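# Structural characterization, general
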Amino acid sequence: MTQLTYNEAFDPYHAVFRFLRLHLACDIGARLPFDTLRILDFYLLFPFRLQAMKLFASDTGWRKVSKSYEDRAPYGAMPEDSTIFARMEPFQRAAAASLAHSGHLAPEAWDNNEVQFTPEMLPPAVAERCSAVNAQMTDIIDILCQIRARYPLGGRDGLKDRTGLLEYRYDSV
């Protein structure tokens, strides 16, 4: 018997919404490696998985916040973080390409595997919806904004290494 289920992780439209939520909450104006946005998006979608990240000593309190979101974990067993993260990539790429096509991401940055949100205004209804959903998760949103600001992406002890979601050993540092 075939069963059809919906999972936001594999929905490019939902990924667009999450990217816009991160952009509005963290005021992402400068260029950002696409992999950084992908990692932030993963933890926005699965905040309870943030507990597994190797954090700076000063940030270990974030695990308690992450643990408070365990009730959002889907019913049943799920694959490892790296497996889900890898399966999400085509949907995240489709979302970013759509944002670049609509003028919300700079195409020249996207061509270099980076994201740079443009000053293009979002429709008020979309911005309001993003703000409303972000307001329900202010603690996780604050953590993700701090991760973006304080944790470098590549190299040993970078975001790739600390999360275990991407290979870091061949990064040019």
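Everything in this summary refers to the structure shown in the same document. This one's a predicted model, so the numbers in the text were calculated from it and none came from an experiment.

A few words now on the overall build of the protein chain. On a plain count of helices and strands, the protein chain comes out with eight helices and two strands. Listed N to C, the secondary structure of the protein chain is α-β-α-α-α-α-β-α-α-α in terms of helices and strands. In terms of overall size, the protein chain behaves like a compact globule, its C-alpha atoms giving a radius of gyration of 16 Å where 173 residues would be expected to give roughly 16 Å. Relative to its full complement of 173 residues, the protein chain shows a buried share of 43%. Considering only contacts in the protein chain between residues 6 or more positions apart, those separated by 24 or more positions represent 68%. Accessible surface for the protein chain amounts to roughly 9500 Å². Of this, 53% is attributable to carbon and sulfur atoms.

The next thing to look at is the nonpolar core. Counting residues in hydrophobic clusters, the biggest one holds 50 residues, and the most contacted among them are F19, F42, Y43, F46, M53, L144 and I147. For this core, the secondary structure elements donating two or more residues are helix 1 (12-26), helix 2 (34-45), helix 4 (81-101), helix 6 (124-135) and helix 7 (138-150). When sequence neighbours within four positions are dropped, the list of residues in contact with F19 reads F34, L37, D41, Q92, A95, A96, L99 and F117.

This paragraph deals with the packing of aromatic side chains. Overall, the coordinates contain nine aromatic pairs when judged by the stated rule. Measuring from ring centre to ring centre gives 5.3 Å for F42 and F46, while their planes differ by 55 degrees; the resulting arrangement is tilted. Among the aromatic residues, those joined into a ring-pair cluster are F42, Y43, F46, F48 and F85. Taking the ring centre of F46 as reference, the NZ or CZ of R49 above it sits at 5.5 Å.

With that settled, consider the packing of helix 2 against helix 4. In a pair of packed helices, the angle between the axes and the distance between the axes together describe the arrangement. Direction vectors running N to C along helix 2 and helix 4 enclose 115 degrees, while the axes themselves pass 10 Å from each other. Crossing hand, helix 2 versus helix 4: right-handed. Seen from helix 2, the contacting residues are F34, R38, I39, D41, F42 and L45; seen from helix 4, they are D81, I84, F85, M88, E89, Q92, R93 and A96. Its residues assigned to classes, the contact of helix 2 with helix 4 comprises eight nonpolar, one polar and five charged.

So, about the packing of helix 1 against helix 7. Relative orientation of the contacting elements helix 1 and helix 7 amounts to 80 degrees, with a least axis distance of 10 Å. The angle between helix 1 and helix 7 places the two elements in the roughly perpendicular class. Residue-level contacts link R21, L22, A25 and C26 of helix 1 to I141, L144, C145 and R148 of helix 7.

Let us look at the pattern of salt bridges. On inspection of all chains with the given rule, the structure shows eight salt bridges. Among the ionic pairs, D35 bridges to R38, the shortest N-O distance being 3.4 Å. One end of the pair, D35, and the other, R38, are both in helix 2, three residues apart, so they sit about a helical turn from each other. Classification of D35 by relative accessible area gives buried; the value is 16%. The salt bridge partner of D59 is R150, with a shortest N-O separation of 2.8 Å. Placement of D59 in the loop between helix 2 and helix 3 (62-67) and of R150 in helix 7 is noted, with a sequence separation of 91 residues between them.

Turning our eyes to something else, we now look at the state of the cysteines. One pass over the structure, following the stated rule, counts one disulfide. Two residues share a disulfide in this structure: C26 and C145, whose sulfurs sit 2.0 Å from each other. Taking the sign of the S-S torsion, -90 degrees for the link of C26 and C145, the bridge is left-handed. Of this pair, C26 sits in helix 1 while C145 sits in helix 7, and the two are 119 residues apart along the sequence.

Rules used throughout
Residues numbered from 1 in each chain as written. Predicted model: local features only at pLDDT ≥ 70, side-chain atom pairs only at ≥ 80, totals over all residues. Heavy atoms only, no water. Helix = DSSP H or I, 4+ residues; strand = E, 2+ residues; numbered from the N terminus. Rg over C-alpha atoms; globule rule 2.2 N^0.38 Å. Buried < 20%, exposed > 50% of the residue type's maximum accessible area, 1.4 Å probe, protein only. Contact = heavy atoms within 4.5 Å. Areas by Shrake-Rupley, 256 points an atom, 1.4 Å probe, with all protein chains shown as cover. Core = buried A, V, L, I, M, F, W, Y, C linked by side-chain atoms within 4.5 Å. Phe/Tyr/Trp six-rings, centres within 6.5 Å; stacked < 30°, edge-to-face > 60°. Lys NZ or Arg CZ within 6 Å of the ring centre and 35° of its normal. Axes fitted to C-alpha atoms, helices over the stretch in contact; angles between N-to-C directions. Left-handed = near helix turned anticlockwise from the far one by under 90°. Nonpolar A, V, L, I, M, F, W, Y, C, P; charged D, E, K, R; others polar. Parallel < 35°, antiparallel > 145°, perpendicular 65-115°, else oblique. Salt bridge = Lys/Arg side-chain N within 4 Å of Asp/Glu carboxyl O. Disulfide = S-S within 2.5 Å.

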